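Spelled out, the chains give:
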Amino acid sequence: MSGAPKKRWKYWLRLTLSLGLSALFLYLAVASLGTCPSGADCIEGRCTVVSGVCSAERPCQSCVDWSNLPAQLRDVSLSSIIVFSVFFLLVHATRLVRWYYLLRPLGLKRFYPALHAGAIGLAAIIVIPLRLGEFVRPYLIARDTEVPLPAALGTAVVERVIDGLSVTLLLFVTLATVQTRADEPAVVWTAGIISAGIFGTVMAVLLFSWWQREATIRVLRRFGNVFSEGLTEKALGLLEGFLDGVASLRAGGDLYQFLSWTVLYWIINALSLVYLANAFGLELGWWEGFAVMSMLVIGIMVPGGPGHIGTFEFFLQTSLGLFVAVNEMPERVLAFVATLHVLQFLVQVLFGIPFWLVDGVTGRRARLRRLATAQEA
């Protein structure tokens, strides 16, 4: 198989897989809201027991009345939408600033390159399926500055591992300290345990690699070469770049700056979610909001379709079920989930578009300069 057809085949395979995952999670999210208890039917937007009698064993619950969804969206004021958008823009800016503190020990002296690469890269994570946009930020910062690509990739690994461990720990702490509904979804604990296992293992491997660098690289090379020497060398190059980055980060005070901005990032993120939920009348407490946010973040780390479609809806709705009777007000819950998703998508993508346009112009100018130099030569 030649290079071009092979690349097209991989592209379509990834796209099909991502869309399939999105469709599956979206179906699960909507289907769970429209499910009536055993012995009841959905009639005129209500789960009605066939006998016409409701009891403790067969409670009357709401099912989705799609005609009521526009009314739920109209009930939220424009000022609430604007306030949340400003809130989330601040969340976005905080994430860019904290990444800058991961890059400073690698030789980055100015904030703008981190802002430029981060704005485009975070938009790419949203737009490109299967979270392949994670590679855009490191590529751009390595292209435009003196930061080596392996070390830049290492900063993305550090950020992802710290975030994964932070929200997993936060999820368990909040669930242990707040009262949840009796019918809390089991998937929440399952997702938390899986997340703790994955990120805890990665962190343990990285810390051991930092402590016993040569021995770890030697063992990984011997083990990896059994499967593929080329992939092993690429993986080890990434690991060494990551270790160099961590060593530089540890040498100064930038690690504490990064951790401080991380705390601020998650606080503002959770409070913005709580604000919008209460604007829709869901009566979500601020500490409960940390649990909902943590579950949502864990969920959208699953490689899915563009825009986190499906995973966003399923994990947000599932975590809301811990504290809110979602089946008693499904249209309101759907309106909140859809609004939150759309606003977060728009803020991240619209913020990145100007930097993407600038990047395109500067890229064309650089190519023209190279072409003129070549012609003169």
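Preceding block: the structure.
Report on the accompanying structure. The structure displayed is predicted, hence computed values, not measured ones. (Residues numbered from 1 in each chain as written. Predicted model: local features only at pLDDT ≥ 70, side-chain atom pairs only at ≥ 80, totals over all residues. Heavy atoms only, no water.)

1. What about the overall build of the protein chain?
In step 1: Each helix and strand in the protein chain was counted, giving 13 helices and two strands.
In step 2: Looking at the protein chain residue by residue over its 377 residues, the buried ones come to 45%.
In step 3: For the protein chain, contacts bridging at least 24 residues in sequence account for 72% of all contacts bridging at least 6.
In step 4: Only carbon and sulfur atoms are counted for the fraction: they give 66% of the accessible area of the protein chain, which is about 19,500 Å². (Helix = DSSP H or I, 4+ residues; strand = E, 2+ residues; numbered from the N terminus. Buried < 20%, exposed > 50% of the residue type's maximum accessible area, 1.4 Å probe, protein only. Contact = heavy atoms within 4.5 Å. Areas by Shrake-Rupley, 256 points an atom, 1.4 Å probe, with all protein chains shown as cover.)

2. Re the nonpolar core
In step 1: By size, the foremost hydrophobic cluster in this structure holds 56 residues, and its most contacted members are Leu273, Leu282, Leu316, Leu320 and Phe336.
In step 2: Where this core is concerned, the elements lending two or more residues are helix H1 (3-33), helix H3 (78-103), helix H6 (149-177), helix H7 (186-211), helix H10 (254-279), helix H11 (286-300), helix H12 (311-320) and helix H13 (330-376).
In step 3: A per-element tally of this core places H11 first, with nine residues. (Core = buried A, V, L, I, M, F, W, Y, C linked by side-chain atoms within 4.5 Å.)

3. Topic: the pattern of salt bridges
In step 1: Under the criterion given, the structure shown has eight salt bridges.
In step 2: Each of Arg95, Arg98, Glu134, Arg137, Glu159, Arg160 and Asp163 takes part in one network of salt bridges that share partners. (Salt bridge = Lys/Arg side-chain N within 4 Å of Asp/Glu carboxyl O.)

4. Topic: the packing of H3 against H6
In step 1: At a minimum axis separation of 10 Å, H3 and H6 run at an interaxial angle of 125°. As the angle between them shows, H3 and H6 are arranged oblique. Note on packing geometry: the crossing formed by H3 with H6 is right-handed. The segment H3 lies against H6, with Arg95, Arg98, Trp99, Leu102 and Leu103 engaging Thr155, Val158, Glu159, Arg160 and Asp163.
In step 2: Looking at the contact of H3 with H6 residue by residue, the class counts come to four nonpolar, one polar and five charged. (Axes fitted to C-alpha atoms, helices over the stretch in contact; angles between N-to-C directions. Parallel < 35°, antiparallel > 145°, perpendicular 65-115°, else oblique. Left-handed = near helix turned anticlockwise from the far one by under 90°. Nonpolar A, V, L, I, M, F, W, Y, C, P; charged D, E, K, R; others polar.)

5. Side note on the packing of aromatic side chains
In step 1: Summed over all chains, the structure comprises 16 aromatic pairs.
In step 2: With 5.6 Å between their ring centres and 40° between their planes, Phe25 and Phe315 make a pair best called tilted. Here Phe315 lies in helix H12 and Phe25 lies in helix H1, a separation of 290 residues in the sequence. There is no split in this pair, since Phe25 and Phe315 are both buried.
In step 3: Taken together, a centroid distance of 5.4 Å and an interplanar angle of 55° make the contact between Trp287 and Phe290 tilted. On the criterion of helical spacing, the pair formed by Trp287 and Phe290 is a turn pair, its members being three residues apart in helix H11.
In step 4: For Phe290, a relative accessible area of 7% translates into the label buried.
In step 5: Through a chain of ring-to-ring contacts, the aromatic side chains of Phe25, Phe314 and Phe315 assemble into a single cluster.
In step 6: A cation sits over an aromatic face here: Arg98 above Tyr265, 4.7 Å from the ring centre.
In step 7: Looking at Arg137, its charged tip hangs above the ring of Trp99, at a distance of 4.8 Å from the centre. (Phe/Tyr/Trp six-rings, centres within 6.5 Å; stacked < 30°, edge-to-face > 60°. Lys NZ or Arg CZ within 6 Å of the ring centre and 35° of its normal.)

6. Brief notes about a nonpolar patch on the surface
In step 1: On the surface, a cluster of nonpolar side chains totalling about 580 Å² of accessible area is made up of Val342, Leu346, Leu350, Ile353, Trp356 and Leu357.
In step 2: For Leu346, the location among the structural elements is in helix H13.
In step 3: Given the relative accessible area of 37%, Leu346 is considered partly exposed. (Patch = residues over 30% accessible without salt bridge, like charges linked within 9 Å, V, L, I, M, F, W, Y side chains within 5 Å.)

7. Thoughts on the side chain of Gln348
In step 1: Structurally, Gln348 is set in helix H13.
In step 2: Beyond its immediate sequence surroundings of up to four residues, Gln348 is in contact with Phe88, His92, Leu122, Ala123 and Ile126.

8. Focus on the side chain of Arg137
In step 1: Among the structural elements, Arg137 can be located in helix H5 (residues 136-144).
In step 2: We classify Arg137 as buried; its relative accessible area is 1%.
In step 3: Residue contacts for Arg137: discarding those within four places in its chain leaves Arg95, Trp99, Ala117, Gly118, Gly121, Leu122 and Glu159.

9. A look at the packing of helix H4 (residues 112-127) against H5
In step 1: Closest axis-to-axis distance for the H4/H5 pair is 8 Å, and the angle between their directions is 155°. As judged from the angle between their axes, H4 and H5 are roughly antiparallel. Considering how the two elements wind past one another, H4 and H5 form a crossing that is right-handed. Of H5, the residues touching H4 (which contributes Pro113, Ala114, His116, Ala117, Gly118, Ile120, Gly121, Leu122 and Ala124) are Val136, Arg137, Leu140, Ile141, Arg143 and Asp144.

10. Some details on the environment of Leu28
In step 1: You can see Leu28 is positioned in helix H1.
In step 2: Taking the C-alpha atoms as reference points, Leu28 and Thr318, 290 residues apart in sequence, are found 10.0 Å from one another.

11. Here's the deal with the environment of Gly133
In step 1: Tracing the sequence through the fold places Gly133 in the loop between H4 and H5.
In step 2: Taking the relative accessible area as the measure of exposure, Gly133 reaches 1% and is therefore buried.
In step 3: Separated by ten residues in sequence, Gly133 and Ala123 place their C-alpha atoms 8.0 Å apart.
In step 4: Residues in contact with Gly133, not counting those within four places in the same chain, are Gly121, Ala124, Ile125 and Ile128.

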